[in-house]
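Here are the chains, one letter per residue:
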Amino acid sequence: MTNYYEENYRRYHRQTFSIDPSSFLSPLAEVLCSGSKILDVGCGSGRDMCWFKDRGFRPTGFEFSHRLAVLARKYSGCPVVEGDFETYDFSDMQVDALLLVGALVHVSHDRFLSAILNVLRALRPGGHLLLTLKEGVTQNEQVENRIFYLWRDEDLRDIFDGLDLAVKDFSRQVSKIRETDVWLGYVLQRTA
């Protein structure tokens, strides 16, 4: 798969930056202390970093697409690290919260566990994370030359149990971009 986000960065930014993320970000904000350090993995347009920064948190972005990282820095005023979250060494970051809003939707089911384990290296014990993934019963669907891997709630909860992640909040929301998409949202707490 070509890097859709690098090639379509302006379009993606226009499509996502103006969406109000309050409905899916508020549950995480409610469990964090003011000033908490947040790592926004797959920060895209920088929208979610702006939202958290405006509420007194300290977000840092992480983005694979160089062009999106440039826009995220510009519009959020936050630092953005560039890299591949499947191979980057997150162990020195130690943040209070991880934000994975749609970040893992292109990770196949067989690579999902290793990807999330790698990113979790940045999360301090007792820390929280917000994870959103598309709901579905088929393995994947193609949209605009991108492959999305779909998930069932019960399968994800089995994975969370195995990773010592306690579900603190759950939501099921219709996409603000495509009405045919439903997003599963989890606020999770690291218990070990």
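The rules behind each value
Residues numbered from 1 in each chain as written. Predicted model: local features only at pLDDT ≥ 70, side-chain atom pairs only at ≥ 80, totals over all residues. Heavy atoms only, no water. Helix = DSSP H or I, 4+ residues; strand = E, 2+ residues; numbered from the N terminus. Buried < 20%, exposed > 50% of the residue type's maximum accessible area, 1.4 Å probe, protein only. Phe/Tyr/Trp six-rings, centres within 6.5 Å; stacked < 30°, edge-to-face > 60°. Lys NZ or Arg CZ within 6 Å of the ring centre and 35° of its normal.

Section: unusual backbone geometry
Link 1 in the chain: Of note, Gln-94 is a non-glycine position whose phi angle comes to about 50°, a positive value.
Link 2 in the chain: Along the chain, Gln-94 falls in the loop between strand S3 (80–82) and strand S4 (95–101).
Link 3 in the chain: According to the relative accessible area criterion, Gln-94 is partly exposed, its value standing at 37%.

So, the packing of aromatic side chains
Link 1 in the chain: Overall, the coordinates contain eight aromatic pairs when judged by the stated rule.
Link 2 in the chain: Here the aromatic rings of Phe-52 and Phe-57 are separated by 5.5 Å at their centres, their planes lie at 80°, and the arrangement is edge-to-face. Phe-57 carries the same exposure label as Phe-52, and that label is buried.
Link 3 in the chain: Aromatic pair Phe-112 and Trp-151: ring centres 4.6 Å apart, planes at 50°, arrangement tilted. Separated by 39 residues along the polypeptide, Phe-112 in helix H6 (residues 109–120) and Trp-151 in the loop between strand S7 (146–149) and helix H7 (153–162) bring together distant segments of the chain. Just as Phe-112 is buried, Trp-151 falls in that class too.
Link 4 in the chain: Taken together through their ring pairs, the aromatic side chains of Trp-51, Phe-52 and Phe-57 make up a single cluster.
Link 5 in the chain: Above the face of the Phe-148 ring, Lys-134 is positioned so that its terminal group lies 3.6 Å from the ring centre.

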